[in-house]
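Coordinate analysis (summary)
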Amino acid sequence: MIMTTPVPEHAQHVIIGGGIIGCSVAYHLAKEGAKDVLLLERGQLTCGSTFHAAGLVGQLRSSANTTRLLKHSVDLYRTIESETGQATGWKMNGGLRLACTKERWIELKRQATTAHSFGLEMELLTPDDAQKLWPLMTTDDLVGAAFLPTDGQANPSDITQALAKGARMRGVRIIEETPVTGIRVENGRVAAVQTRNGEIRCEVIINCGGQWAKQIGRMADVTVPLQSVQHQYLITEPIEGVTPDLPTLRDPDRLTYWKEDVGGLCMGGYEPNPVPWALDGIPEDFTFQLLPENWEHFEQFMQPAAQRVPIFEQAGIRKFINGPESFTPDGNFMLGEAPELQNFFVGAGFNAFGIASAGGAGKSLAEWVLAGEPPMDLWVVDLRRFSTVHQDEAWVRNRTLELYGKHYTLSWPHEEHASGRPNLTSTLYETLKSQGACFGSKLGWERPNWFALSGVPPQDVYSYGRQNWFPHVGEEHRAIRERIGVIDQSSFAKFRVVGTAAKSALSRICANNVAKPLGSVTYTQLLNSRGGIECDLTVAHFAENEFYLVTGTGFRTHDSAWIRSQFRPGEQVELQDITEAGAIMSVMGPASREVLSQLADTPLDNASFPFGTCQQISIAGHSVWALRITYVGELGWELHLPREAAKPIYDALFDAGAAHGIANVGYRAIESLRLEKGYRAWGADITPDSTPLEAGLGWAVKLKSGVEFSGREALLTQQQAPLTKRLVGFTVADPEVVLLGRESIFRNGELVGWLTSGGWGYTVGQNIGYGYVRNPMGVDTEFLKSGNYELEVACDRIPCTLHLKPLYDPGMQRIRS
Ligand SMILES: Cc1cc2nc3c(=O)[nH]c(=O)nc-3n(C[C@H](O)[C@H](O)[C@H](O)COP(=O)(O)OP(=O)(O)OC[C@H]3O[C@@H](n4cnc5c(N)ncnc54)[C@H](O)[C@@H]3O)c2cc1C
């Protein structure tokens, strides 16, 4: 029988989905003061993935803000029962993680350092100490363990009901048994949701549809890249010795996790060969349902589990759960406004940690909805991190399954994934492959990471020490510093911004002055209302009403969506994404002028072609845009050209450059070169949480010009008081130390921040790290210089040297030579 629950004609905010995420968004929207919030659930609250979750609540993530977000979940789960009167089953019994190999132990120590950086307690334990916390387990194979005292567990359905109750108490309407069947869009914005009981006009839609979020997205032509995967665990009958205060346990080398459950044990795991579900769509009646038990598949965990907890073998099984859950191609969930459609937000794809995330994710998404911009840097979970490749369902499925299978494998530094490759390639792909390129992939693009010469296999061999590519990258680095190198950077995102208002719009959106004469090239940041750096890119002024913007490969969707969102209604300006249309070859190094001059129809001397300018010239008979800029700190030009011109120009460059020792160079060398020069990387050193003043980029902001631009007010306000954090550099001479980023920074023995980037500088012969030094009382040069600094690397304190200037060519003589 079809129920007909009446629906209102209008609601300001409509949340689709009454799982833990939808209820948390509803709760937080109401708490933030939103008045007219409606939640629609096709079945009953929790009937999707939420009701069958195991309920482990771990907090450690590899980004500071997602860790902060998970910490918020814990704070909320501690208190929501007293606020609403609804029990939640929350227990802060701590979380234990085991290490059975030397490499896992290093990983655990590095994770502990990351936790310390982000203010999360995580202690290292000996196997004996670990056993005291978990007496039923064997420890003979353990190298060590770590304990997070504030982790815990909860009852997923009860927490969801508590959030729903808290939302209702603040006026949210929740209507069950009401599936959303369509979405009406008007003028590029959401206008209404359609249900079988009628249409509801609305201003904002928030898609919290769990594994259904993909099909809900499709109703509005929004891509939500996720894949349902079967996930299984079992619960035993009560076992003697299993106490309610038993910590949750993760045993990644045996691919399993454990928790106490009504006196018994709950054990689940992540198979290396996961089983996708609902390839032809989710059945209509799938509410409060589980999938058939797949013992054959689960069996792989039984022996390793019994080795860890011998008594488990004798325990009776009370319950076996096979539930589907949505997973994503990079293992992180999705938050934010859809780049395709204004006022359509998504909070979905929780990769089996939705219970742990819901409190913080719901809060952040609610704040994002209300403010129209993320409340903090949420790049790792931002929906705009995806691109065209994620519209391909088969690609998404394969990559998602690969990542699921790697859930508990070691996450190696510089690790690349194998599925769905190659996807997008430059016209030089085969040529570079034949030259020994070892490729990495970024947003579907194949990019040369490094070149294996003289019979070396072009393959990464991962470790926590120096990896096999280290000497080869050193050779490439030196080619650029001493001679000439060519880098295929065709995957860079490329936009044309055109229209009679292009100049005025970009002047308003960019913090630097981009309204310079034709032929200028400007490095600029784009700021949010807090003065935080939303984008970091290059703007070339090609023609009267035409600008050419170049940004990092991974930021294509994010940056184009940000820029479009800043255009005003009716403004005569348009952004065109032309990423796939062109190729880019960077020709860098002291010999670049001499080599390019042999092929160019134009003089390339300083007077004719100064730094920071661009010209349309002919190279080897092909018309190219040459931009004189650099991200590696040497004399050089970026050549922007039609795809078909890439191979003939590449060949001509290598012919002309042979006498100068011209070399192929990859992305790992770029990283080392830019670290020496102190160039910032967006998403790491600069983010929406840092302003140009804090990042040492004040020189690239037109504050003195009096021209209005986004973020200006915030910077002017910030100038009135001492900065409370500043990005600085550190070096560590010991080559045995490996810096990767997230290492903690100590000043005079006190934690003051963490590294945002780390790597090796081959010219300076040292480890280089960048990070913000924080002090609520102010961070001036005197404060910085008067400190003694150490870095915590894998729980060891290492002395380091502070640097306030670039380590290489601080006077920019080489770039301007
Ligand atoms: C076996 C298993 C164990 C797990 N263990 C843990 C754990 O220990 N810790 C942890 O943190 N996480 C765990 N998870 C993950 C957790 O269950 C999920 O991440 C979380 O429940 C996701 O919540 P959600 O609100 O996004 O999705 P859901 O709970 O699926 O909610 C989505 C809701 O949207 C509704 N909906 C769909 N389409 C429509 C429509 N058209 N109109 C209206 N409503 C619609 C659905 O009915 C559903 O109720 C586990 C998952 C599984 C499968």
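Scroll up for the structure.
A quick note: this is a predicted structure, and the numbers were derived from the prediction, not measured.

**A closer look at the overall build of the protein chain**
- A count of helices and strands for the protein chain gives 19 helices and 38 strands.
- A globule of 817 residues ought to have a C-alpha radius of gyration of about 28 Å, and the protein chain, at 27 Å, matches this closely.
- When the 817 residues of the protein chain are sorted by exposure, 62% land in the buried category.
- For the protein chain, long-range pairs separated by at least 24 residues make up 72% of all intrachain contacts whose partners lie at least 6 apart in sequence.
- Averaging the positions of the 74 positive and the 92 negative side-chain charges in the protein chain gives two centres separated by 5 Å.

**Overview of the site of the ligand**
- Among the 37 residues in the neighbourhood of the ligand, the closest are listed as Glu41, Ser49, Thr50, Leu56 and Glu325.
- In this structure, Leu56 approaches the ligand through a main-chain N or O atom, which is 2.8 Å from an oxygen atom.
- One of the backbone N or O atoms of Val180 is found 2.9 Å from a nitrogen atom in the ligand.
- Considering the ligand on its own, with 1000 Å² of exposed area, one finds that the protein chains cover 98% of that surface.
- Of all the secondary-structure elements, those providing two or more residues to the shell around the ligand are α1 (20-31), β12 (227-236), β16 (317-327) and α9 (354-371).
- When grouped by side-chain class, the residues that make up the shell around the ligand number 20 nonpolar, 14 polar and three charged.

**Side note on the sheet that holds strand β13 (residues 248-251)**
- The eight strands lie next to each other as β5-β6-β4-β13-β14-β15-β12-β16, forming an open sheet whose pairing is mixed. The open sheet has two edge strands, β5 (123-125) and β16, and neither has a second partner. When the angles between neighbouring strand axes are averaged without regard to direction, this sheet yields 20°.
- Two elements, strand β4 (residues 95-99) and β13, share three bridges in a ladder whose sense is parallel. Paired with Arg97 across the strands is Arg250, a residue of β13.
- The strands touched by helix α3 (residues 102-117) are β4, β5 and β6 (144-148); relative to β4, the strand with the most contacts, the crossing angle is about 145°.
- Lying on the sheet, helix α10 (residues 393-405) is in contact with β12, β15 (264-269) and β16; it crosses β12 at an angle near 25°.

**Quick word on the side chain of Thr731**
- Here Thr731 is to be found in strand β32 (residues 725-732).
- Judged by relative accessible area, which is 3%, Thr731 ranks as buried.
- Within the structure, Thr731 has its side chain in polar contact with the side chain of His803 (distance 2.7 Å).
- Dropping the residues within four chain positions of it, Thr731 is found in contact with Gln766, Asn767, Ile768, Cys800, Thr801, His803 and Leu807.

**Some words on α10**
- Its 13 residues place the ends of α10 18 Å apart at the C-alpha level, agreeing with the 18 Å of an ideal helix rising 1.5 Å per residue.
- Taken together, the buried positions of α10 are occupied by Trp395, Val396, Arg399, Thr400, Leu401, Glu402, Leu403, Tyr404 and Gly405.
- Two or three places before Ala394, at the opening of α10, Asp392 has a side-chain oxygen 3.1 Å from that residue's backbone nitrogen.

**A closer look at the sheet that holds strand β29 (residues 622-627)**
- With mixed pairing, the six strands of this open sheet are ordered in space as β28-β29-β30-β27-β21-β31. Both outer strands of the open sheet, β28 (614-619) and β31 (663-664), are each paired with one neighbouring strand and no more.

**Details of the packing of aromatic side chains**
- If you walk through the whole model with that rule in mind, you get 30 aromatic pairs.
- Measuring from centroid to centroid gives 5.3 Å for Tyr270 and Tyr408, while their planes differ by 85°, and the two rings are edge-to-face. Separated by 138 residues along the polypeptide, Tyr270 in the loop between β15 and α7 (295-298) and Tyr408 in the loop between α10 and α11 (429-434) bring together distant segments of the chain. The same class applies to Tyr270 as to Tyr408, namely buried.
- Between Trp295 and Phe298, the ring centres sit 6.1 Å apart and the planes meet at 85°, which makes this aromatic pair edge-to-face. Taken together, the residues span about one helical turn, with Trp295 and Phe298 both in helix α7 at a distance of three residues.

**Observations concerning the pattern of salt bridges**
- Evaluated as defined, the whole model comprises 41 salt bridges.
- Lys363 is the salt-bridge partner of Glu367, the closest N and O atoms lying 3.0 Å from each other. Of this pair, Glu367 and Lys363 both sit in helix α9, four residues apart, which is roughly one turn of that helix.
- The class for Glu367 is buried, based on a relative accessible area of 19%.
- Arg674 is the salt-bridge partner of Glu671, the closest N and O atoms lying 2.9 Å from each other. With Glu671 and Arg674 both in helix α17 (residues 667-677) and three residues apart, the pair spans about one turn of that helix.
- Residue classification places Arg674 among the buried residues on the basis of a relative accessible area of 1%.
- Connected through salt bridges with shared partners, the residues Asp141, Asp251, Arg254 and Arg308 form a single ionic network.

**Observations concerning the nonpolar core**
- Counting residues in each nonpolar core, the largest one holds 48 residues, and the members touching the most others are Ile15, Leu29, Ile206 and Leu335.
- Put simply, the parts of the chain that give this core at least two residues each are α1, β2 (37-40), α2 (64-84), α5 (156-169), β11 (198-207) and α9.
- Leu29 has contacts with His13, Ile15, Ala34, Val37, Ile206, Ala366, Val369 and Leu370, leaving out every residue within four places of it along the chain.

**Some remarks on unusual backbone geometry**
- Between Arg421 and the following residue, Pro422, the backbone shows a cis peptide bond with an omega angle of -5°.
- Although it is not a glycine, Asn351 sits at a positive phi angle of roughly 45°.
- Tracing the backbone through its elements, the reader meets Asn351 in the loop between β18 (344-348) and α9.
- A relative accessible area of 4% means that Asn351 is categorised as buried.
- With a phi angle near 50°, Asp809 is a residue other than glycine that sits in the positive phi range.
- By the element assignment, Asp809 lies in the segment after β38 (801-803).

**What to know about the side chain of Asn767**
- The topology assignment puts Asn767 in strand β35 (residues 766-774).
- At 3.1 Å, the side chain of Asn767 and the backbone oxygen of Val737 are in polar contact.
- Setting aside anything within four residues of it in sequence, one finds Asn767 in contact with Arg466, Phe730, Thr731, Val732, Asp734, Pro735, Val737, Val738, Leu739, Gly759 and Trp760.

**Re α3**
- Here α3 contains 16 residues, and its C-alpha end-to-end distance of 23 Å stays within 8% of the 22 Å for a straight helix at 1.5 Å per residue.
- All of the buried residues in α3 are Arg104, Trp105, Glu107, Leu108, Arg110, Ala112, Thr113, Thr114, Ala115 and Ser117.
- Looking at the buried positions of α3, the neighbouring elements they touch are β4, β5, β6, β33 (744-747), β34 (750-761) and β36 (789-793).
- Positive backbone phi, at 75°, marks Gly119, one or two positions downstream of α3.

**Points about the state of the cysteines**
- Per the stated rule, a full pass over the model turns up zero disulfides.
- The thiol of Cys100 is unpaired, and the distance to the nearest cysteine sulfur, on Cys795, comes to 18 Å.
- As a non-bridged cysteine, Cys208 has Cys23 as the owner of its nearest cysteine sulfur, 9.1 Å distant.

What counts as what
Residues numbered from 1 in each chain as written. Predicted model: local features only at pLDDT ≥ 70, side-chain atom pairs only at ≥ 80, totals over all residues. Heavy atoms only, no water. Helix = DSSP H or I, 4+ residues; strand = E, 2+ residues; numbered from the N terminus. Rg over C-alpha atoms; globule rule 2.2 N^0.38 Å. Buried < 20%, exposed > 50% of the residue type's maximum accessible area, 1.4 Å probe, protein only. Contact = heavy atoms within 4.5 Å. Lys, Arg positive; Asp, Glu negative; His and termini not counted. Charge placed at Lys NZ, Arg CZ, Asp CG, Glu CD. Near = heavy atom within 4 Å. Polar contact = N/O pair within 3.5 Å; in protein donor to acceptor, adjacent residues only side chain to side chain. Areas by Shrake-Rupley, 256 points an atom, 1.4 Å probe, with all protein chains shown as cover. Nonpolar A, V, L, I, M, F, W, Y, C, P; charged D, E, K, R; others polar. Pairing = 2+ DSSP bridges. Axes fitted to C-alpha atoms, helices over the stretch in contact; angles between N-to-C directions. Expected span 1.5 Å × (residues − 1). Phe/Tyr/Trp six-rings, centres within 6.5 Å; stacked < 30°, edge-to-face > 60°. Salt bridge = Lys/Arg side-chain N within 4 Å of Asp/Glu carboxyl O. Core = buried A, V, L, I, M, F, W, Y, C linked by side-chain atoms within 4.5 Å. Disulfide = S-S within 2.5 Å.

Geometric values such as these leave the question of function open.
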